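Architecture and fold: a report
Residue strings, one per chain:
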2 protein chains.
Amino acid sequence: MIDMAEQRSLADRRSDATREGIVEAAWRLSRQEGLTGWSLRRLADEVGLAAPSLYAYFDSKHAIYDVMFRQGYEQLDDIASRWGPAPGEPHRRAFKVAAAGFMEFCTSDPTRYQLMFQRVIPEFVPSADAYSASVANYERFRALLGELGVTDDRELDLWTAISTGLTDQQISNDPGGQRWFRLLDRAVDIFCDHVGIPPEPEGQR
Amino acid sequence: MIDMAEQRSLADRRSDATREGIVEAAWRLSRQEGLTGWSLRRLADEVGLAAPSLYAYFDSKHAIYDVMFRQGYEQLDDIASRWGPAPGEPHRRAFKVAAAGFMEFCTSDPTRYQLMFQRVIPEFVPSADAYSASVANYERFRALLGELGVTDDRELDLWTAISTGLTDQQISNDPGGQRWFRLLDRAVDIFCDHVGIPPEPEGQR
DNA sequence: GTCTATACACCGATAGAC
DNA sequence: GTCTATCGGTGTATAGAC
């Protein structure tokens, strides 16, 4: 079967490119000026359009945030798909890799983190479509921890809290630093001891 | 020495009352419509003034947020002053009381929590005066945990992350519920085991 | 001194010509 | 699809009545 994208007209593909350019500019402005620190007029300037022309591509400013929200979860899903215990790898080792990967993903782009995990934009609620991307991600996360030996939902909730707590402190109180990131392995060890995931063998540590 | 407040004129005290009324209305609106969900015109309506009259009491909208920010930390300091081990009370017991008190303080007023602990208002930075209230509170918190047996700064950082992580999840994902609140005692136990604060005697538990 | 009235520059969003 | 013009908002600020 031919890829649907191949059948799209030149005009359609040009329109898609413009749409993408708008979203890219929105990311750029959000990282520079903060998620709510730019206006549609400023965004339009950035892509060489008049402000009302943006409404040919998006119904509202929130609709732009919505695409960004979904993109964030798609990016997380991309890297999360590479987590999980390799054959013979101790589960606690895999746990640490995944935990560090998640924290690195979050702290490497605080703006994206704010959009995905905090409610920093007044009245912005993800669309059903975008929200389902976040739910899918949570299900993947739940499956991963299940594979590593976390079967109790309460333990899952506890790790969620610890993991996002460390991330939040890192971003809020030591941006660009390592203060809370350095505590991650210790946190994983404490948690794994609690839920009964065995320690890594000394030799492999 | 006579209390300075006693020497204030009637006009001054009326002015203070108006000021207080404005801040109270700001809290009310913030809880109803969100921290950034109201305008100065709306606030003025609420207290029966014209919008520009607010500038007789506050230099800007941020100045109102600043007073609210400081009040939040004063309220936290009030209840935190009652935490600490009673004579003969096991440290782990006192730890749980303080941890639950903090979490209850935060979750009981999510708007206040947002203002105090998150950066949800664009470009709002607490004044030096208000900021010092938050620093004083952190120092009290550090002293309390020191009294309970947490001497390492990294352990302090770790508990900060766990505590705010649970609180954040509770507010964001189960507002009004108990889902993460119920995990608090377990988290305290895990943490206390890790730092060597002895378990509560069975009889007192 | 405290108020009303008004102006400014900006915001997200819309109408309608081309 | 893109534009100009405009709408009803916003935070902010000042002039001037009383």
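Residues numbered from 1 in each chain as written. Chains lettered and ligands numbered in written order. Predicted model: local features only at pLDDT ≥ 70, side-chain atom pairs only at ≥ 80, totals over all residues. Heavy atoms only, no water.

**What about the protein's contact with DNA strand C?**
- Contacts to DNA strand C come from 14 residues, most closely from Leu-40, Arg-41, Tyr-55 and Lys-61 of chain A together with Ala-50 of chain B.
- The sugar and phosphate moieties of DNA strand C supply 54% of its atoms located within 4 Å of the protein.
- Side-chain polar atom of Arg-41 of chain A to a base nitrogen of DNA strand C: 2.8 Å apart, as the coordinates give it.
- In the environment of DNA strand C, a phosphate oxygen lies 2.7 Å from a nitrogen or oxygen atom belonging to the side chain of Lys-61 of chain A.
- Among the residues making up the surface near DNA strand C, the classes are represented as eight nonpolar, three polar and three charged. (Near = heavy atom within 4 Å. Polar contact = N/O pair within 3.5 Å; in protein donor to acceptor, adjacent residues only side chain to side chain. Nonpolar A, V, L, I, M, F, W, Y, C, P; charged D, E, K, R; others polar.)

**Here's the deal with the interface of chain A and chain B**
- Opposite the 26 residues of chain A that make contact, chain B presents 26 residues.
- Summed over both sides, the interface of chain A with chain B buries roughly 2,100 Å², with 59% coming from carbon and sulfur.
- Summed over the three residues of chain A that lose the most area to chain B, namely Asp-157, Arg-186 and Ile-190 of chain A, the buried surface amounts to 24% of that side.
- At the boundary of chain A with chain B, the tally comes to four salt bridges.
- Note that Arg-179 of chain A and Asp-157 of chain B form a salt bridge whose closest N and O atoms lie 2.7 Å from each other.
- Looking at the side of chain A that touches chain B, the elements with two or more residues in it are helix H7 (153-173) and helix H8 (184-195) of chain A.
- Among the elements that line the side of chain A that touches chain B, the one with the most residues is H7 of chain A, at 12 residues. (Contact = heavy atoms within 4.5 Å. Buried area = accessible area lost by both parts, 1.4 Å probe. Salt bridge = Lys/Arg side-chain N within 4 Å of Asp/Glu carboxyl O. Helix = DSSP H or I, 4+ residues; strand = E, 2+ residues; numbered from the N terminus.)

**So, the relation of the copies chain A and chain B**
- For the pair chain A and chain B, the best superposition has an RMSD of 0.2 Å and corresponds to a rotation of 179° with a translation of 0.1 Å parallel to the axis. As the rotation angle and translation indicate, the two copies are arranged about a two-fold axis. Taking C-alpha positions as the reference, the residue of chain A nearest the rotation axis is Gly-165 of chain A, at 1.8 Å.
- Taken together, the interface assignments show that 100% of the residues at the interface of chain A recur at the interface of chain B, consistent with an identical surface on both copies. (Least-squares fit on C-alpha atoms with pLDDT ≥ 70 in both.)

**Section: unusual backbone geometry**
All names here are of chain A.
- Positive phi is not limited to glycine here, since Glu-123 has a value of about 70°.
- As for its position among the elements, Glu-123 is in the loop between helix H5 (110-117) and helix H6 (128-148).
- Overall, the relative accessible area of 72% leaves Glu-123 in the exposed class. (Buried < 20%, exposed > 50% of the residue type's maximum accessible area, 1.4 Å probe, protein only.)

**Regarding the packing of helix H4 (residues 91-107) of chain B against helix H6 (residues 128-148) of chain B**
Residue and element names in this part refer to chain B.
- Between H4 and H6, whose axes approach to 9 Å, the crossing angle comes to 155°. One element, H4, and the other, H6, form an angle in the roughly antiparallel class. Touching His-91, Ala-94, Phe-95 and Ala-98 of H4 are Leu-144, Leu-145, Glu-147 and Leu-148, all from H6.
- Of the residues assigned to the contact of H4 with H6, the class counts are six nonpolar, one polar and one charged. (Axes fitted to C-alpha atoms, helices over the stretch in contact; angles between N-to-C directions. Parallel < 35°, antiparallel > 145°, perpendicular 65-115°, else oblique.)

**A look at the nonpolar core**
- In this structure, Leu-43, Phe-95, Trp-159 and Leu-166 of chain A together with Phe-95, Trp-159 and Leu-166 of chain B are the most contacted members of the largest nonpolar core, which totals 83 residues.
- The residues contacting Phe-95 of chain B, other than those within four sequence positions of it, are Leu-145, Leu-148, Val-150, Trp-159, Val-188, Phe-191, Cys-192 and Ile-197 of chain B.
- Counting 33 residues, the second largest nonpolar core, distinct from the first, contains Val-23, Ala-51, Phe-105 and Cys-106 of chain B. (Core = buried A, V, L, I, M, F, W, Y, C linked by side-chain atoms within 4.5 Å.)

**Focus on helix H7 (residues 153-173) of chain B**
All names here are of chain B.
- Along its 21 residues, H7 runs 30 Å from first to last C-alpha, staying within 8% of the 30 Å computed at 1.5 Å per residue.
- Counting buried residues along H7, 17 of its 21 residues qualify, which places the element largely inside the surrounding structure.
- Its side-chain oxygen 2.8 Å from the backbone nitrogen of Arg-154, Asp-152 forms the N-cap of H7. (Expected span 1.5 Å × (residues − 1).)

**Quick look at the domain arrangement of chain A**
Residue and element names in this part refer to chain A.
- Partitioning chain A into structural domains gives domain 1 (8-58) and domain 2 (61-204).
- On a C-alpha basis, the centroid separation for the pair domain 1 and domain 2 is 29 Å.
- Taken together, the 14 residues of domain 1 in the interface contact 14 residues of domain 2.
- Summed over both partners, the interface of domain 1 with domain 2 comes to about 1,300 Å²; 75% of that surface belongs to carbon and sulfur atoms.
- It is Trp-27, Leu-35 and Phe-58 that lose the most area in domain 1 upon contact with domain 2, and together they represent 49% of the buried surface on that side.
- Put simply, domain 1 and domain 2 have one salt bridge between them.
- Linking Arg-31 and Asp-109 is a salt bridge whose minimum nitrogen-to-oxygen distance equals 2.8 Å.
- Across the contact surface, domain 1 and domain 2 share four residue pairs in polar contact (both at pLDDT 80 or more).
- Secondary structure elements with two or more residues in the side of domain 1 that touches domain 2: helix H1 (10-33) and helix H2 (40-47).
- Split by residue class, the side of domain 1 that touches domain 2 holds nine nonpolar, three polar and two charged. (Domains from an automatic or database assignment.)

**Quick notes on the side chain of Ser-30 of chain A**
Residues and elements named next belong to chain A.
- Within the secondary structure layout, Ser-30 lies in helix H1.
- Within polar-contact distance, the side chain of Ser-30 engages the backbone oxygen of Ala-26 at 2.8 Å.
- Not counting residues up to four positions away in its chain, the partners in contact with Ser-30 are Leu-35, Trp-38, Met-68 and Thr-111.

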